[in-house]
Every structure is written in structure tokens, then in C-alpha cells.
Amino acid sequence: MSTFPSDLAERAAAAVDPTRVAELAQGLVRVRSVYDAKAGTTEAAAAAYVAQQLEALGLAPILDEAAPNRPNVICDWEGSGFDPAKHRTLMFEGHTDVVTEGDPSKWKVPPFEGRIERRAGDGEVLHGRGSADMKAGVAASIAALEAVMRVAPDLTGRIRLGIVADEEDMMLGIKAFINNGWGDAVDGCIVAEPEENELCLFQKGAMRVNVRVVGVMSHGAMPYAGVNPNRGVADFIVALREYERREQARLGSHEYLGLPWLTPTIVRSPASGEAQLNVMPEEAYLALDIRTVPGQDHAEIEAELRRIAAELEAGTERLRFHIDVFESRPWTQTADDDPLVRALESVYPAVLGTPPRYGGVPGATDGTFLWAWLNIPIVTVGPGDRTIPHQVDEFVRLREVVTSARLYAAAAVTYLASHD
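Here the structure is a predicted model, which means the values were calculated and not measured. (Residues numbered from 1 in each chain as written. Predicted model: local features only at pLDDT ≥ 70, side-chain atom pairs only at ≥ 80, totals over all residues. Heavy atoms only, no water.)

Caption draft 1: The arrangement of the environment of Ser131 in detail. Note on placement: Ser131 falls in helix H4 (residues 131-151). Once residues within four sequence positions are removed from consideration, Ser131 is found in contact with Val29, Leu126, Ala136, Glu394, Phe395 and Val396. (Helix = DSSP H or I, 4+ residues; strand = E, 2+ residues; numbered from the N terminus. Contact = heavy atoms within 4.5 Å.)

Spelled out as C-alpha cells, the structure:
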């Protein structure tokens, strides 16, 4: 059996209460924190639940609105030996928003009931939308903080919880967290996303792109009288596929992230309004979801998209492309010798009973901006199957959530106590 690097790390892991972990995760799942502007629902109730749990510990959480009625929860705990000029701050990061449940009748268990049941081979399972993505990670973070508070009151370090809004869309929560200065003192961050408790030092980057292709409307019987934007879209997609193949051949498959992808996700013609079979529209719309890996530069990708568009414009008179890269989230890579990585690796065998397992995040997370904007080392590690988020019948195994909490607690005391 692997041993902990210190008695304090062992006691921190042991101090995690499985019953409390389940209670926190279940309570969070029962809050429907889907952002829906038309229905008027936000993350506010989930943020209030988190704040109440922290207040019960004697802490003073702050609700800081990232957007109207969409608060972030920020809460600090400092060991009595903490000196901000000398010691580290470790952040536990999660988000309160969840994606829509879709049609509730398609769920075997109502999506916000928060039912816990025993399942063969899995032990106790928590069902519900957001159970894995990522109410479980938030619950594990709070439970880990509670454990550290119990066993290491004089720890020479600080833990900052950043439980933010809007991760599932434009990541307004983490952007506001950073812009309001909450990330300035953070030395390292554990992002508690569902990654099967693998240590993920890499995350794919993401580019979100709108492409408008403008031609000239004409009668479908006389296409020569106009310019067909649909042909422009088709030619652009073909050229994009060739560019994707070149990039995949150049970079190969990343050990943890796989291949880069440039994926057309929406094609709409006409770009707005009703379509008519015998009318060649003036404008078509194309959306791109681009996922990048180390070795790619987002500025260079954007330049190539514009080069392709310019070449197609030059070949067809009166055809015009308008490209808008409205979101750019770079890939991330945390050094394998970073102190946070070393702390997690040192406690991993004792907590999980295996050597450290590594993975990569197939999409961006809030940690993307902590890394890209503030150069904060991040490790993404949390409970839940990697592919279960956003699916009907989402679930998480509670034993994995307890394991995550123990990993966080043991790593936190190791990371913070090592910088005295």
C-alpha cells in the first residue's frame, strides 16, 4: 500500500466525511441552475446554496455578480500561520451553471430529484443534470476545504474557493473573477471538472467563428443572374477540410489531447428568414468550432481562414466573406515539475491506490483563462465519467466524489505546507 508523503496529508484525506460529500452533491443537484434568460432562471440559487454551506463553517463568502443575477462565490480560508508575503494560495475552482436537461420525460430519474441509489458495480450513484458536470466537483472542493480546516488550522497557506457562473457558455464568471482581481494572489489552481480523477496537465484550445458569405440574390431558374453564397460555403468547407488534414498530418495525435479539429457545426441558408426553393439567397451562414492542440497558434489559424476566404473571393466576382472570431481560448499546458503537479502526484497513490494516471481535457474550462491571462498553473482533475456531461441520465459515482475530495485535501496541505 502506498503511503502519504506526510502525516498531515494522511489526516487531511481521512478527515473527508463521505456522508457530507453526498449531502453536498445531492443538495447542489437539486438546485436547477440552468441559465435561461427567457424563463428567468440563473445560477443564483446554486450560488446561495454554496454560500450558505460556507457560512455554516464560519467563513465569509462573497457573492460577486459576473452579470445581473449571475453571481460568483468567492471564499477564502487562511491557516493561522499564513503570511501573504511568504506563503502560497491554492484555488479550488468550479462552476454552478448546468446545461439544460432537455425533455425531462426522457430521463429514467427526474433530472433534478437528486436521487441516490445503489447500482451493481458502481456502489452509490447520484443521478441528475449536473451531477458530474460539475456539482460533484464543487461538493468535493467544499468537503476538502472542511477537512483541511479540521486537521490543519495552523497551515501556512490559504485556500480560495472560486465557484463561478456561466462556464457552459461565454465563461463570463471566470472572466469577471479575473477582471475583479480575485486571481491575482492565486499560485495554483485545481479545476474540479469531471475527468475520471485523471491528472490533466493539458487542455485543448477553442476558437468560435461566425462566417457570413454574401452573394447576390436571384431566381433559382437563372442562377447566372446572381451569385450563389451556398457555393461559397461549400468551397470554404472543402478548403477547411484540406487545412484540417494538413494540420493533423503536421502535428499528429497529441498523447493526451488527440487530433486538432476544425469543425463546421451550423450551416444556414438563407442566413435568416424563410427559405424558398426557387430563390437563390443573398446570404448564407456558417459556424465553426475549432479545437486546437500545442503547436498551433490561434492568430495563424485566423490568418489562414482569411486567406482561404480571400482566395475564394478572388475567384468569384461579387462574392464576399465576413469572418468573426468571437471567442478564442488557447490550449493550456502545465509544466510537469510545477509544485502543484508534484503535490498531487505525491498523494495520488495513497488516495487512489494506483500510480498517478494522466489525461487531457478535450474542451476548454474556466482554467483556460486562469492559465492564459494570469499564467496560473492549473491541473484539471475531478470525479465523473469524461463523456457523461450534457447527456440524458447524467450520473456520478459517489465513491469517486469522495476520492476527489480526499485527493484535493491531501494535495492542498502538501502544496501549502511545502512553501514555508
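Caption draft 2: Structural view of the packing of helix H8 (residues 339-352) against helix H10 (residues 398-417). Two elements in contact, H8 and H10, have axes separated by 8 Å at closest approach and are oriented at 135°. The angle between the axes of H8 and H10 places the two elements in the oblique class. As H8 packs across H10, the resulting crossing turns out to be right-handed. The residues of H10 that touch H8, namely those facing Pro339, Leu340, Ala343, Leu344, Ser346, Val347, Tyr348, Val351 and Leu352, are Thr403, Arg406, Leu407, Ala410, Ala411, Thr414 and Tyr415. Here the residues of the contact of H8 with H10 are counted per class, giving 12 nonpolar, 3 polar and 1 charged. (Axes fitted to C-alpha atoms, helices over the stretch in contact; angles between N-to-C directions. Parallel < 35°, antiparallel > 145°, perpendicular 65-115°, else oblique. Left-handed = near helix turned anticlockwise from the far one by under 90°. Nonpolar A, V, L, I, M, F, W, Y, C, P; charged D, E, K, R; others polar.)

Caption draft 3: Representation of helix H1 (residues 7-14). Along H1, the positions that sit buried rather than exposed are Leu8, Ala9, Ala12 and Ala13. Projection of H1 onto a plane perpendicular to its axis shows the buried side chains occupying an angular sector of 135°, all on one side. With respect to the buried face of H1, the exposed residues turned more than 90 degrees away are Asp7 and Ala14. Packed against the buried residues of H1 are H4, H8 and H10. (Buried < 20%, exposed > 50% of the residue type's maximum accessible area, 1.4 Å probe, protein only. Arc of directions from axis to C-beta.)

Caption draft 4: Spatial organisation of the pattern of salt bridges. Enumeration according to the criterion identifies 31 salt bridges in this entry. Among the ionic pairs, Arg208 bridges to Asp289, the shortest N-O distance being 4.0 Å. Placement of Arg208 in strand S9 (residues 205-214) and of Asp289 in strand S13 (residues 283-292) is noted, with a sequence separation of 81 residues between them. Here Glu400 ties to Arg397 by a salt bridge, and the two come within 3.0 Å at their closest N and O atoms. By relative accessible area, Glu400 is classed as buried at 18%. (Salt bridge = Lys/Arg side-chain N within 4 Å of Asp/Glu carboxyl O.)

Caption draft 5: Region of interest: the sheet that holds strand S4 (residues 116-119). Pairing is antiparallel in the open sheet, where 3 strands are placed in the order S4-S5-S18. The two strands at the open ends of the sheet, each matched to only one other strand, are S4 and strand S18 (395-397). Going from strand to strand, the sheet's axes swing by 35° on average, the running direction of each strand aside. Of the strand pairs in this sheet, strand S5 (residues 123-127) and S18 are connected by 3 bridges, and their pairing is antiparallel. Counted as the bridge partner of His127 is Phe395 from S18. Of the strands in this sheet, S5 and S18 touch H4, which is tilted by about 45° from S18. Taken strand by strand, H10 contacts S4, S5 and S18, and its axis lies near 65° from that of S18. (Pairing = 2+ DSSP bridges.)

Interpretation note: all reported values are geometric properties and have no functional meaning in isolation.
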